[in-house]
Amino acid sequence: MVRIYALSCGAMEFDRRAFFPDDPAGARLGIPVPAFLLVHPKGRVLFDTGIHCDTLRDPVARLGERTGRFFQMYCGATEGVVNQLGLLGIRADAVTHVVNSHLHFDHCGCNASFPQTTILVQREEMLAAGAAASQYSGRDWDQPLNYELVDGERDLFGDGTLLLIPTPGHTQGHQSLCVNAGRGRRLERRRDEALAGHAARPARAQGNDTDLRSRRRSVGVIARCSRSARVTILRRPGDEVNR
Ligand SMILES: [Zn+2]
């Protein structure tokens, strides 16, 4: 049995055309920044770590002029991954595994709050983030943390309940987490695949997709998973978890 908690790490707002290029100028898109805690008998797994508090306070200083001015960020006093864990009575050092879907600043911003924890990242993602021409903000991930690089699929505890699945496209080494939540029910958390639209076969690249062909294939993987029995795709904090 796995217990799942949706954590709120604030929200972001930006030009809607970044993800939907055909939309009219001036339209804004607001999105939540979630993380998920999965409590398994063998460990506490955190999926993504949200945005660093310095980024929330002064995005231009942290991310640079171009990216920092592009995003409007919001975060309440009790939001943020460490605060949200605290509300559950869980200290950061009690988290046994962190999984980063990918290494954009809104998914790994608080990795440094988990210095003792094994942090699972696809090797492809780490290579892409560290490449010479990388657009990633190294401040969030490029630190002496306990990274474990994953090549492809991984059954986290060897019992089929928590499966890491590569879903490249939004980034080169993007991964999703498929959860067999018990009682015949499966939940799957995918991150920016949901944000980038619901089309099973996106016709063109959206947002900062790195590879449209890979993203189409990844959306297909998720769609096949969701067509199988009783799978629910989680798109935002609170979805399905409390039912
Ligand atoms: Zn991203």
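Quick notes on the rules
- Residues numbered from 1 in each chain as written.
- Predicted model: local features only at pLDDT ≥ 70, side-chain atom pairs only at ≥ 80, totals over all residues.
- Helix = DSSP H or I, 4+ residues; strand = E, 2+ residues; numbered from the N terminus.
- Buried ≥ 20, exposed ≤ 12 C-beta atoms within 10 Å, placed from the backbone.
- Contact = placed C-beta atoms within 7 Å.
- Pairing = 2+ DSSP bridges.
- Axes fitted to C-alpha atoms, helices over the stretch in contact; angles between N-to-C directions.
- Arc of directions from axis to C-beta.
- Core = buried A, V, L, I, M, F, W, Y, C linked by C-beta atoms within 7 Å.
- pLDDT = per-residue confidence, 0-100.

When helices and strands are counted, the protein chain shows nine helices and 12 strands. The proportion of buried residues among the 243 residues of the protein chain is 38%. By sequence separation, contacts in the protein chain at least 24 residues apart represent 63% of the contacts at least 6 residues apart.

A word on the sheet that holds strand β1 (residues 3-15). Neighbouring strands of a sheet are bound in pairs by backbone hydrogen bonds; such pairs are parallel or else antiparallel. Here we have seven strands laid out as an open sheet, ordered β4-β1-β2-β3-β5-β6-β7, and mixed in their pairing. Only two strands of the sheet have a single neighbouring strand rather than two, namely β4 (72-74) and β7 (147-150). Strand-to-strand twist across the sheet, computed as the mean angle between neighbouring axes with direction ignored, equals 25°. Here strand β5 (residues 97-99) pairs with strand β6 (residues 118-122) via three bridges, running parallel. Within β6, the position partnered with Val99 by the bridge is Leu120.

Moving on, we come to unusual backbone geometry. With phi around 75°, Asp48 is a residue other than glycine that occupies positive phi space. Within the secondary structure layout, Asp48 lies in the loop between β3 (43-47) and α1 (53-57).

This brings us to helix α6 (residues 123-130). Among the residues of α6, those classed as buried are Glu124, Glu125, Ala128 and Ala129. Here the buried residues of α6 occupy an arc of 130° about the axis, which is enough to place them on one side. Its buried side turned inward, α6 meets β6 and α7 (138-141).

Our focus in this paragraph is the pairing of strand β2 (residues 28-40). Summarising the sheet, β1 and β2 pair through 11 bridges and their orientation is antiparallel. Paired with Met12 across the bridge in β2 is Ile31. As judged from the five bridges shared by β2 and β3, these two strands associate in the antiparallel manner. Within the sheet, the bridge partner assigned to Leu37 lies in β3 and is Leu46. The hairpin formed by β2 and β3 contains two residues between the paired strands.

With that out of the way, let us pick up the nonpolar core. Membership of the largest hydrophobic core comes to 37 residues, with the highest contact counts inside it found for Ala35, Val45, Phe47, Val98, Val99, Leu120 and Leu177. In terms of residues, this core owes the most to one element, β2, which gives four residues. Apart from residues no more than four positions distant in its own chain, Ala35 is found in contact with Leu7, Cys9, Leu46, Phe47, Asp48, Thr49, Gly50 and Val81.

It is worth spelling out the confidence of the model for the protein chain at this point. Averaged over the protein chain, the pLDDT score is 84; the fraction of residues at 70 or greater is 78%. pLDDT under 50 marks residues 191-201. Its contacts with residues more than four places away, or in other chains, come to 24 contacts. pLDDT under 50 marks residues 236-243. Its contacts with residues more than four places away, or in other chains, come to 14 contacts.

What follows concerns the environment of Leu7. Tracing the sequence through the fold places Leu7 in strand β1. Taking the number of C-beta atoms within 10 Å as the measure of exposure, Leu7 has 24 and is therefore buried.

Moving on, we get to the environment of Val95. Among the structural elements, Val95 can be located in the loop between α4 (81-87) and β5. In the structure, Val95 is positioned 57 residues away from Leu38 in sequence and 9.7 Å away in space, judged by C-alpha atoms. Those residues in contact with Val95 that lie beyond four places of it in its chain are Arg44, Leu46, Phe114 and Thr117.

Another aspect to go through is the environment of Asn83. Within the element layout of this structure, Asn83 appears in helix α4. Separated by 76 residues in sequence, Asn83 and Leu7 have C-alpha atoms that sit 9.3 Å apart.

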